[in-house]
Amino acid sequence: MSNLYSVWVSLYRLMFRIFSLCLIVSANTVAETQFKQIKAQNWELGTPDNIAIDYYQASDERLSVLLFWATWCPNCRDLMPHIQGLASEFQSKGVDFYALNIFEDADPVAYFKKHNYSFTLLLIADLVAEDYNVAGVPALFVVDKDKTIIYQRNLGKSDEDSAADIRELLYRKLDGRG
């Protein structure tokens, strides 16, 4: 009976953690217009191939999309194909796409390989998430060439609407209209 109780408590704690992290995302949402003057923090993270990426250096004078995610997050899993679509459309136009893996307890490398995602996977980004005030996943940012945050996904916005907003914003920035 004691072992069954321990298993139940462990499962309950795990479910509570997942539920809490998904709910916390609401505390992290802010209107896009409030980010016009906020500078994106620099960071250095490793890829699965042990290559260190210095954000400011790697994305010098380039637009970038930052996705904070975890393999266990169902909303992340739903959003990622839309991000891949954007990456396929915009990487050749000079836009960088980074998937910063946080709050992880599984294998993000295997997940990326299984789904053939082509954007840059960065591991163990929990401290970077703190710098960006990310409390839950998914969190999605677009950063301008001058490293100013120009977009953060709002709670309640569908994956399709988020992708459409980002697509429009990237085209406007690339065309010099914004």
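**Student:** I tried to follow the overall build of the protein chain on my own but got confused; where do I start?
**Tutor:** Regarding its fold elements, the protein chain presents 6 helices and 7 strands. Each helix (α) and strand (β) of the protein chain, taken in turn from the N terminus, gives the series α-β-β-α-β-α-β-α-β-α-β-β-α. Here the protein chain holds 178 residues, and 42% of them are scored as buried. Sequence separation of at least 24 residues holds for 73% of the intrachain contacts in the protein chain that already meet a minimum separation of 6. For the protein chain, the accessible area works out to roughly 9,500 Å², and carbon and sulfur atoms hold 53% of it.

**Student:** Hey, could you run me through the sheet that holds strand S3 (residues 64-69) in this one?
**Tutor:** Strands pair in a sheet through their backbones, by hydrogen bonds, and they do so in one of two ways: parallel or antiparallel. Taken in spatial order, the 5 strands line up as S5-S4-S3-S6-S7 in an open sheet, and their pairing is mixed. Edge positions in the sheet fall to strand S5 (120-122) and strand S7 (149-152), since each has one partner strand and no second. Sheet twist, expressed as the average angle between the axes of neighbouring strands with direction ignored, equals 20°. Relative to S5, strand S4 (residues 96-101) is paired through 3 bridges, and the arrangement is parallel. Opposite Ala 99, over in S5, you have Leu 121 as the bridge partner. Contacts between helix H3 (residues 74-90) and the sheet are confined to S3, S4 and strand S6 (139-143), with S3 contributing the most and set at about 160° to the helix. Helix H6 (residues 159-174) rests against S3, S4, S6 and S7 of the sheet, and its axis sits at about 160° to S7.

**Student:** Is there a simple way to think about the packing of H3 against H6 in this case?
**Tutor:** Helix-helix packing is described using two parameters, namely the angle between the two axes and the distance between the axes. Here H3 crosses H6 at 20°, and the two axes come no closer than 9 Å. When the axis of H3 is compared with that of H6, the two are roughly parallel. Along this stretch, H3 crosses H6, giving a crossing that reads as right-handed. Facing H3, whose interface residues are Asp 78, Leu 79, His 82, Leu 86, Glu 89 and Phe 90, H6 presents Asp 159, Glu 160, Ala 163, Ile 166, Arg 167, Leu 170, Tyr 171 and Leu 174. Residue composition of the contact of H3 with H6, grouped by class: 8 nonpolar, 1 polar and 5 charged.

**Student:** What should I look at first to understand the pairing of S6 in this one?
**Tutor:** On a regular strand, each side chain points to the face opposite its neighbour's, so the side chains alternate between the two faces of the sheet. Burial analysis of S6 places 5 of its 5 residues in the buried class, the great majority of the element. Alternating residues of S6 divide into Ala 139, Phe 141 and Val 143 and Leu 140 and Val 142, and every residue in both groups is buried. Sheet topology note: the S3/S6 ladder contains 5 bridges and is antiparallel. Each residue of the ladder has a partner; that of Leu 67, found in S6, is Leu 140. Two elements, S6 and S7, share 3 bridges in a ladder whose sense is antiparallel. Note that in S7 the partner of Phe 141 across the bridge is Gln 152.

**Student:** Just to check I follow, could you spell out the packing of aromatic side chains for this structure?
**Tutor:** One pair of aromatic rings is described through two measures. These are the centre distance and the angle between the planes. The full count for this structure, using the stated rule, is 14 aromatic pairs. Between the aromatic rings of Tyr 111 and Tyr 117, the centroid separation amounts to 6.3 Å while the plane-to-plane angle is 35°, which identifies the pairing as tilted. Under the relative-accessibility criterion, Tyr 111 is labelled buried at 12%. Ring plane angle 70° and centroid distance 5.3 Å describe the contact between Phe 112 and Tyr 117, whose orientation is recorded as edge-to-face. The burial state of Phe 112 is the same as that of Tyr 117; both residues are buried. Put simply, the rings of Trp 69, Tyr 111, Phe 112, Tyr 117 and Phe 119 touch in pairs and so form one group of aromatic residues. Sitting over the ring of Tyr 55, Lys 147 keeps its end group 5.6 Å from the ring centre.

Reading the values: the criteria
- Residues numbered from 1 in each chain as written.
- Predicted model: local features only at pLDDT ≥ 70, side-chain atom pairs only at ≥ 80, totals over all residues.
- Heavy atoms only, no water.
- Helix = DSSP H or I, 4+ residues; strand = E, 2+ residues; numbered from the N terminus.
- Buried < 20%, exposed > 50% of the residue type's maximum accessible area, 1.4 Å probe, protein only.
- Contact = heavy atoms within 4.5 Å.
- Areas by Shrake-Rupley, 256 points an atom, 1.4 Å probe, with all protein chains shown as cover.
- Pairing = 2+ DSSP bridges.
- Axes fitted to C-alpha atoms, helices over the stretch in contact; angles between N-to-C directions.
- Parallel < 35°, antiparallel > 145°, perpendicular 65-115°, else oblique.
- Left-handed = near helix turned anticlockwise from the far one by under 90°.
- Nonpolar A, V, L, I, M, F, W, Y, C, P; charged D, E, K, R; others polar.
- Phe/Tyr/Trp six-rings, centres within 6.5 Å; stacked < 30°, edge-to-face > 60°.
- Lys NZ or Arg CZ within 6 Å of the ring centre and 35° of its normal.

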